[in-house]
Structures are given as structure tokens and as C-alpha cells.
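Chains, contacts and geometry: an overview
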Amino acid sequence: MPELPEVEVTRRGVAPHLEGRVVEQVVFRREGLRWPFPVHIADALVGQRIEHVKRRGKYLLLGFASGTLIVHLGMSGHLRVLPPGIELKKHDHFDLVVGANGVRQVLRLHDPRRFGAVLWHGIDDGELEQHILLRGLGVEPLEDSFSAELLYRATRKRSAPIKQVLLAGDIVVGVGNIYACESLFRAGINPKTPASRISRARYEKLAQAIRDILAAAIVQGGSTLRDFIAVNGQSGYFQQTYFVYDRAGVPCRNCGAPIRQIKQGQRSTFYCATCQR
């Protein structure tokens, strides 16, 4: 599943092609994906200018004067910016046709598994942060509001394993399975450790590891996941630097002990029992 770095790579890829452009056409090729498409806004968006393209967690936010188009890539979705007339593929479900100075481009959502989403939040629907998909999200890990102190204070009554707490997304958002495994390894924290038993000093290491790893993954274009490709059609290469994720049985790059794999909350966790205590 695309995680925060992959979504941020997508945002940076599409933003220059969308911001300041005017919507000329909205095309839905099915009734919906994970949820029904907001077909009633198709005509309403025509003629409107896209003011900005932002990200909140794993959601892309296309801002208009009248509201926000919320796009989620789901498990297998990706966005491409294409010239008009490109032949459709089987799972091309949504097009946003934009133009500026006589030049037209198409933002196309391709989603084979159909777990993605395109939703609308109008200005009359209240504050965007109160949308049902956004209101429970924690702080952004690459912003100043994220800190070791935040992690420490928010976990004093959390007996769940730290890996599960990171994935929950209500304290810090966007630290998915791959980057949680890698961050815990860099911080030297066993993923099974109850979150309430981790000290401030260890949370200092973890917070810094999360920031550093997510930033590095963005620079490297994210990870080459099974279905994810960037806007330019290329895959990321952060997976080449994994220390633990998807390396079960392979010697640890630090100590040589075999990387272990366990299940936590139906997700695979990878760690080194020697380096992570």
C-alpha cells in the first residue's frame, strides 16, 4: 500500500501540473471505488481553478474556492498526468481535465483493486479537518508539531506494542508498516515493546528516526511497491536501503543476526532481536 512518502512523491509530481489550472472536464467511469463518486460535483467543478494541492496523511487534497477534492490511492492506485487522447487502460476510473493558456492535461486515477477514493468536501460542509476521514489523524511527522515529547506524553497509558501504536495514526500520521519497521530498527526499539514503557530518551531516537527515514524515502521516490509508480511512471528505490523490512532470515546489516518476522495486528513486522531490545 502506498505510504506517506509515496503519497508525498505523488503530490509533488502532480502539483506543478494542477495548481493554477482551470478544470475543463470531470470524468467518472464507474459509480465509485471504495465509496461512491461525488458525481453531483462534476459539472460544478468545471470552470473552477485549482488553488493548491496539499497532503494530509495519505490523502491528497485539491483545493478549490468552493471546497476540496479528497483523493486516496487505496492499496493499488496511482495518479498520472497525461496529454489528452492517451488510450484508456482497463482500470482508469477517473479523469480530471485541466487547462491553462490553451494547453490541456489529464490527471488520471488508475486503481486495479478499487480501494481508492475520490470524495468532495464543500465549504458549506464545515472545516476540512473535521471531515470523517481526517478528523482522527495525528500530527504530521515532518512538521514541527511532531516531537519526542509528544510521543512520550501520548503513550503513558498505551499498553499496546509501539509498532501498533505507530500504525494507528492517531498520535502521528502516515508512519505505515514499512517505515515503522525501519524507524524502530534505527532507534534500537523492539516492535513488541509496550509504548508506555519507552523512555523519553528512546522516544528522542525514535522521533528523529521517523523524520530521517521518511525524508530519505521521499528524496528517493518512495519504495517500489507491487502496484505503486510515481507520476512520471518511475518507481522509487528506497527499498534498496531497507535494514529489516521484507528481509526475514537475511543477516542483519549491523550485527549479522538473522532478521525475524512476526505478525502484529495481521501485519508482518520485521526486526533484529539483537539490535532492537
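Scroll up for the structure.
Report on the accompanying structure.

What counts and what doesn't
Counting of residues starts from 1 at the beginning of each chain's written sequence and follows it residue by residue. Selection of residues for local features in this predicted model requires a pLDDT of at least 70, selection of side-chain atom pairs for listing and counting requires 80 or more, and totals for whole chains, interfaces and linings are taken over all residues. The basis for every side-chain value is the complete set of non-hydrogen atoms in the structure, without hydrogens or water. Every helix listed is a DSSP run of H or I at least four residues long, and every strand listed is a run of E at least two residues long, numbered separately from the N terminus. The buried label goes to any residue with under 20% of its type's maximum accessible area, the exposed label to any with over 50%, and the partly exposed label to all in between, with areas taken from a 1.4 Å probe on protein chains only. Two strands qualify as a pair provided DSSP detects at least 2 bridges between them. Here, axes are lines fitted to C-alpha atoms. For helices the fit covers the stretch in contact, and angles between N-to-C directions go from 0 to 180 degrees. Think of a salt bridge as a Lys or Arg side-chain nitrogen and an Asp or Glu carboxyl oxygen that are within 4 Å of each other. We call two residues in contact whenever any of their non-hydrogen atoms come within 4.5 Å of each other. Charged-residue counts in this description rest on Lys and Arg as positive and Asp and Glu as negative, His and the chain ends being excluded. Any N or O atom pair separated by 3.5 Å or less is treated as a polar contact, with the protein-specific requirement of one donor-capable and one acceptor-capable atom, and with residues adjacent in sequence counted only for side-chain atom pairs. Any Phe, Tyr or Trp ring, taking Trp's six-membered ring, that has another such ring centre within 6.5 Å forms a pair; planes under 30 degrees apart are called stacked, those over 60 apart edge-to-face, and the others tilted.

Overview of the environment of R197
As for its placement among the helices and strands, R197 is situated in the loop between α5 (177–187) and α6 (200–219). You can call R197 exposed: its relative accessible area is 67%. Along the sequence, R197 and E140 sit 57 residues apart, while their C-alpha atoms lie 23 Å from each other.

Here's the deal with the sheet that holds strand β7 (residues 103–110)
One open sheet holds the four strands; their spatial order is β1-β6-β7-β5, and the pairing between them is antiparallel. Of all strands in the sheet, those bounded by a partner on one side alone are β1 (22–28) and β5 (78–82). The mean inter-strand angle of the sheet, taken between neighbouring strand axes irrespective of direction, is 20°. Sheet topology places strand β6 (residues 92–100) next to β7; eight bridges connect them, and they run antiparallel. Bridging across to β7, V98 finds its partner in Q105.

Details of unusual backbone geometry
If you check the backbone angles, N101 has positive phi at about 55° while not being a glycine. The backbone of D246 shows a phi angle near 60°, a positive value even though the residue is not glycine. In this structure, D246 sits in the loop between α6 and β9 (260–264).

Regarding the pattern of salt bridges
The tally for this structure, following the rule as stated, stands at 12 salt bridges. A salt bridge links R55 to E140; its shortest N-O distance comes to 2.8 Å. With R55 in strand β2 (residues 52–56) and E140 in the loop between β8 (117–122) and α3 (148–154), this residue pair connects regions lying 85 residues apart in the sequence. Judged by relative accessible area, which is 17%, R55 ranks as buried. By relative accessible area, E140 is classed as buried at 5%. The partner of E149 in a salt bridge is R200, with the nearest N and O atoms 3.1 Å apart. With E149 in helix α3 and R200 in helix α6, the pair connects residues that are 51 residues apart, well separated along the chain. Each of E8, R11, R12, R55, R56, E129 and E140 takes part in one network of salt bridges that share partners.

Points about the sheet that holds strand β4 (residues 67–72)
Taken in spatial order, the four strands make up an open sheet running β2-β3-β4-β8, and their pairing is antiparallel. The outermost strands of the open sheet, each flanked by one partner alone, are β2 and β8. When strand polarity is set aside, the average angle formed by the axes of neighbouring strands in this sheet is 25°. Relative to β8, β4 runs antiparallel, the two being bridged by six bridges. In the strand pairing of β8, T68 is matched with H121. Along the sheet face, helix α1 (residues 4–18) touches β2 and β3 (59–64) and points at about 175° away from the line of β2.

A look at the side chain of D111
Its location among the elements puts D111 in the loop between β7 and β8. Despite its burial, D111 remains without a salt bridge, the nearest opposite charge being carried by R113 at 7.1 Å. There is a polar contact of 2.8 Å between the side chain of D111 and the side chain of S76. Once you skip the residues sitting within four places of it in the chain, D111 turns out to touch L33, L73, S76, G77, H91, H93 and G116.

Observations regarding the environment of R200
On the accessibility criterion, R200 (41% relative accessible area) is partly exposed. Note: C-alpha distance between R200 and Y152 (48 residues apart in sequence) is 5.9 Å. Look past the residues within four positions of R200 in its chain and what remains in contact with it is E149, Y152 and R153. At 3.1 Å, the side chain of R200 and the side chain of E149 are in polar contact.

Overview of the packing of aromatic side chains
The tally for this structure, following the rule as stated, stands at seven aromatic pairs. Here the aromatic rings of F64 and W120 are separated by 6.0 Å at their centres, their planes lie at 55°, and the arrangement is tilted. Remark: W120 occurs in strand β8 and F64 occurs in strand β3; sequence separation between them is 56 residues. The class of F64 is buried, set by a relative accessible area of 5%. The class of W120 is buried, set by a relative accessible area of 18%. Relative to F270, the ring of Y245 has its centre 5.1 Å away and its plane inclined at 70°; by these criteria the two rings are edge-to-face. Placement of Y245 in the loop between α6 and β9 and of F270 in strand β10 (residues 267–271) is noted, with a sequence separation of 25 residues between them.

Read these as geometric descriptors, not functional statements.
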